[in-house]
Amino acid sequence: ELEVTIDPKTGDIRAFSKLIVAERVSDPYGEILLAEARKIDPGAKIGDEVVKEVTPKNFGRIAAQTAKQVVVQKIREAEKDVVFGEYQARVGEIVSGVVRHYDRQNVIIDLGRTEGVMPPREQCHHEDYRLGSRIRAYILAVRDGIKGPEVVLSRTHPSFIKRLFELEVPEIDEGAVEIKAIAREPGYRTKIAVYSEQDKVDSVGACVGLRGNRVKA
């Protein structure tokens, strides 16, 4: 365990390591021999914890800044890896986000932990993606971009319709109704073929809903 102190007036940095006193050292970063420990604390015994200063020589402000930059960079890389893995596992799902800005013809959507990009070919051309508006979209792919994970979104993919119906129609989510095929002209019309092996389940009626509430949603 490492503890670092910084003097706010001088900027001096001191590092201290907490070490366990042991007869034999198998972990040089976590253990210390009894003889060396007693130079720090004359009353030290096997199993005790002592604090040893481990500040490197000539560890000035410039060195500290360099170390800080390295640590921050590593943390950012780790965060990018976590976000990439999270969204990679969610490819094929629907996410909700807020339209933040436009990059050329791409719509950039804030997903919370990262941003999603919706290219022109994945946009419904009659839809108005106003800044600040909340929309749902289908995760088409996740790429490792220069600035971090790039989540590619779509509102034209046929599977977007499939996922929407799974959210609105419990019978599809439960497996009682199956979507066999989807034909779509994005933004204009969509047809889906549905089927159920259960005689008591009206597959079309389940998708349409009472007074069309499910299909309208």
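These numbers were taken from a predicted model, which means no experiment stands behind them.

A. Focus on the pairing of strand 11 (residues 189-195). Pairing analysis gives seven bridges linking strand 10 (residues 178-185) to strand 11, with the strands arranged antiparallel. Paired with Arg184 across the bridge in strand 11 is Thr190. Counting the residues in the hairpin turn of strand 10 and strand 11 gives three residues, including Gly187, whose phi is positive at 90°.

B. Up close: the side chain of Glu122. Position of Glu122 relative to the elements: it lies in the loop between strand 7 (115-118) and strand 8 (134-145). Note on Glu122: relative accessible area 9%, which makes it buried. Setting aside anything within four residues of it in sequence, one finds Glu122 in contact with Leu140, Leu153, Ser154, Arg155, Thr156 and His157.

C. Structural context of the pairing of strand 2 (residues 13-22). In terms of residue burial, strand 2 counts as a mostly covered element, since seven of its 10 residues are buried. Looking at chain direction, strand 1 (residues 2-6) and strand 2 are connected through five bridges and run antiparallel. Paired with Val4 across the strands is Ala15, a residue of strand 2. In this structure, strand 2 lies alongside strand 4 (residues 49-53), joined through five bridges in antiparallel fashion. Pairing of Phe16 across the sheet is with Glu53, part of strand 4. Relative to strand 3 (residues 31-33), strand 2 runs parallel, the two sharing three bridges. Across the sheet, the residue bridging to Ile20 is Glu31, located in strand 3.

D. Representation of the pattern of salt bridges. By the definition in use, this model includes 13 salt bridges. Glu86 serves as the salt-bridge partner of Arg113, at 2.7 Å between the closest nitrogen and oxygen. A residue pair is termed long-range when its members are at least 10 positions apart, and Arg113 in the loop between strand 6 (106-110) and strand 7 and Glu86 in helix 2 (residues 61-88) qualify at 27 residues. Judged by its relative accessible area of 27%, Glu86 falls in the partly exposed class. Beyond isolated ion pairs, a larger network of salt bridges with shared partners links Lys162, Arg163 and Glu166.

E. Highlighting the nonpolar core. Among the nonpolar cores identified, the biggest contains 16 residues, and Tyr87, Ile109, Leu111, Met118, Tyr129, Ile139 and Leu153 are the most heavily contacted of them. For this core, the secondary structure elements donating two or more residues are helix 2, strand 5 (94-103), strand 6, strand 8 and strand 9 (148-154). With four residues, strand 8 is the single largest residue contributor to this core. Contact partners of Leu153, with chain neighbours within four places excluded, come to Val95, Ile109, Leu111, Gly116, Val117, Met118, Pro119, Glu122, Ala137, Tyr138 and Ile139. Judged by nonpolar contacts, the second largest core, of 11 residues, contains Ile161, Val169, Val194 and Cys207.

Conventions used here
Residues numbered from 1 in each chain as written. Predicted model: local features only at pLDDT ≥ 70, side-chain atom pairs only at ≥ 80, totals over all residues. Heavy atoms only, no water. Pairing = 2+ DSSP bridges. Helix = DSSP H or I, 4+ residues; strand = E, 2+ residues; numbered from the N terminus. Buried < 20%, exposed > 50% of the residue type's maximum accessible area, 1.4 Å probe, protein only. Contact = heavy atoms within 4.5 Å. Salt bridge = Lys/Arg side-chain N within 4 Å of Asp/Glu carboxyl O. Core = buried A, V, L, I, M, F, W, Y, C linked by side-chain atoms within 4.5 Å.

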